[in-house]
Amino acid sequence: MRIALFGDIHANLEALEAVLADAAEQGCTDYVCMGDVVGYNADPAACLERVRAMDCPVVKGNHDEDASGSHSLESMNPVAAAALEWTRLQLSDEQRTWLRRLRMVRQVEDFTVVHSTLDQPAHWNYVTNRFDAMSNFSYQFTQVCFHGHTHVPRVYVKTDKVQEVPAESVVIEDGSKYFINVGSVGQPRDGDWRACYAIYDLDHRLLVFRRVEYDLPTTQGKIHAAKLPSMLADRLADGR
Ligand code: ZN
């Protein structure tokens, strides 16, 4: 069984379609979404409908929550807030209800899925080093947990201590726990512009990260046409 783990799509339809095509080509039969389906880019409704039609497990991201509510976004950075205000207008009440009802944590097969961290899923903490990862491991009761949120693929392994290992292919070994960020489909921030996701091969206990090229000029054109902040288009090219 090969499962595609994808998230932080952020309304980038071209990146989402490219990832799903690659996953199918790679023999994935199951899909799990780490959340942040919407926010930042110009295709929130289309991405939401594409993910919803897949009928796969999806956890809620902070942008999903913010897009589904009507609370003030003043405390947020202005570019993200501008994109979310716009996103709210693009979604129907029914679509926003779907986002609002997404669960924070899911267990799928023998692993757990969360957008940010298991210790305080609704606080949207960012895990950028092994110390951040330590708090998560205290609440992780499956051997493997997948997450997103920072848009940077990372692998933390806990044996007697917690270490970060390169986000390349990972063999899941007995006696260790794994907290793995699968990267971002629609707005990578590790300096590589290509869409990122991961494939978990359950039979071989093997996780592989994938990078997929997509039609970036089309995505950028839609951002400009929607009059979203132009830095949202620029950053996609830089992978930042
Ligand atoms: Zn995100």
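Residues numbered from 1 in each chain as written. Predicted model: local features only at pLDDT ≥ 70, side-chain atom pairs only at ≥ 80, totals over all residues. Heavy atoms only, no water.

### Section: the overall build of the chain
Line of reasoning, step 1. Across its full length, the chain carries eight helices and eleven strands.
Line of reasoning, step 2. Against the compact-globule benchmark of 18 Å for 240 residues, the chain has a radius of gyration of 17 Å, which places it among compact chains.
Line of reasoning, step 3. Across its three principal directions, the C-alpha atoms of the chain cover 50 × 35 × 30 Å.
Line of reasoning, step 4. Burial analysis of the chain (240 residues in total) assigns 56% to the buried set.
Line of reasoning, step 5. The long-range fraction of contacts in the chain, counting pairs at least 24 apart against all pairs at least 6 apart in sequence, stands at 72%.
Line of reasoning, step 6. When the accessible surface of the chain is summed, it comes to about 10,100 Å², and 48% of that surface belongs to carbon and sulfur atoms. (Helix = DSSP H or I, 4+ residues; strand = E, 2+ residues; numbered from the N terminus. Rg over C-alpha atoms; globule rule 2.2 N^0.38 Å. Buried < 20%, exposed > 50% of the residue type's maximum accessible area, 1.4 Å probe, protein only. Contact = heavy atoms within 4.5 Å. Areas by Shrake-Rupley, 256 points an atom, 1.4 Å probe, with all protein chains shown as cover.)

### Quick look at unusual backbone geometry
Line of reasoning, step 1. One non-glycine residue with positive phi stands out, namely aspartate 36, at about 55°.
Line of reasoning, step 2. Structurally, aspartate 36 can be placed in the loop between β2 (30-33) and α2 (44-54).
Line of reasoning, step 3. Given a relative accessible area of 1%, aspartate 36 falls into the buried group.
Line of reasoning, step 4. Look at tyrosine 40: it is not a glycine, yet its phi comes out positive at around 75°.
Line of reasoning, step 5. Turning to its location among the elements, tyrosine 40 is positioned in the loop between β2 and α2.
Line of reasoning, step 6. On the accessibility criterion, tyrosine 40 (7% relative accessible area) is buried.

### Here's the deal with the coordination of the zinc ion
Line of reasoning, step 1. For the zinc ion, the protein coordination sphere consists of Asp8 (OD), His10 (NE2), Asp36 (OD) and His151 (NE2), at 2.1 to 2.3 Å.
Line of reasoning, step 2. Viewed at the metal, the four donor atoms of the zinc ion are separated by angles of 86 to 179°, and the geometry they form is irregular. (Donors = N, O, S within 2.8 Å, 3.2 Å for Na, K, Ca; no water. Tetrahedral: all angles 85-135°; square planar, octahedral: opposite > 155°, others 65-115°.)

### A look at the nonpolar core
Line of reasoning, step 1. The biggest cluster of nonpolar side chains holds 46 residues, and the ones touching the most others in it are Phe6, Ile9, Val37 and Val51.
Line of reasoning, step 2. The leading source of residues in this core is helix α1 (residues 13-25), at seven residues.
Line of reasoning, step 3. Judged by nonpolar contacts, the second largest core, of 23 residues, contains Val108, Val144, Tyr178 and Leu202. (Core = buried A, V, L, I, M, F, W, Y, C linked by side-chain atoms within 4.5 Å.)

### Concerning helix α6 (residues 130-137)
Line of reasoning, step 1. When we look at burial in α6, the residues that qualify are Ala133, Asn136 and Phe137. An end-on view of α6 places all buried positions within 95° of arc, on one side of the element.
Line of reasoning, step 2. Close packing links the buried residues of α6 with β6 (154-158), β7 (162-165) and β9 (177-181). (Arc of directions from axis to C-beta.)

### Re the side chain of aspartate 66
Line of reasoning, step 1. Within the secondary structure, aspartate 66 is located in helix α3 (residues 62-68).
Line of reasoning, step 2. Here aspartate 66 occupies a buried position and makes no salt bridge, while the nearest side chain of opposite charge, arginine 88, is found at 5.5 Å.
Line of reasoning, step 3. Residues within four places of aspartate 66 in sequence aside, it is in contact with His71, Leu73, Met76, Leu84 and Arg88. (Lys, Arg positive; Asp, Glu negative; His and termini not counted. Salt bridge = Lys/Arg side-chain N within 4 Å of Asp/Glu carboxyl O.)

### Overview of the sheet that holds strand β1 (residues 2-6)
Line of reasoning, step 1. What the five strands build is an open sheet, ordered β2-β1-β10-β11-β8; its pairing is mixed. Strands at the two margins of the open sheet, each flanked by one partner only, are β2 and β8 (170-171).
Line of reasoning, step 2. Pairing geometry for strand β10 (residues 195-201) and strand β11 (residues 206-212), over seven bridges, is antiparallel. If you follow isoleucine 199 over to β11, its bridge partner there is valine 208. (Pairing = 2+ DSSP bridges.)

### Examining the sheet that holds strand β3 (residues 105-108)
Line of reasoning, step 1. Read from one edge to the other, the open sheet built from six strands follows the order β3-β4-β5-β9-β6-β7, with strand pairing classed as mixed. Only two strands of the sheet have a single neighbouring strand rather than two, namely β3 and β7. Neighbouring strand axes in the sheet, compared pairwise and without regard to direction, differ in orientation by 20° on average.
Line of reasoning, step 2. Relative to strand β5 (residues 144-147), strand β4 (residues 111-114) runs parallel, the two being bridged by three bridges. Paired with valine 113 across the two strands is phenylalanine 146, which belongs to β5. (Axes fitted to C-alpha atoms, helices over the stretch in contact; angles between N-to-C directions.)

### So, the pairing of β10
Line of reasoning, step 1. Counting buried residues in β10 gives seven out of seven residues, a clear majority hidden from the surface.
Line of reasoning, step 2. Of the two faces of β10, the one holding Ala195, Tyr197, Ile199 and Asp201 and the one holding Cys196, Ala198 and Tyr200 are both buried throughout.
Line of reasoning, step 3. Taken together, the four bridges between β1 and β10 define a ladder with antiparallel strand orientation. Note on β10: the bridge partner recorded for alanine 4 is isoleucine 199.
Line of reasoning, step 4. Connecting the antiparallel pair β10 and β11 is a turn made up of four residues, with arginine 205 showing a positive phi of about 50°.

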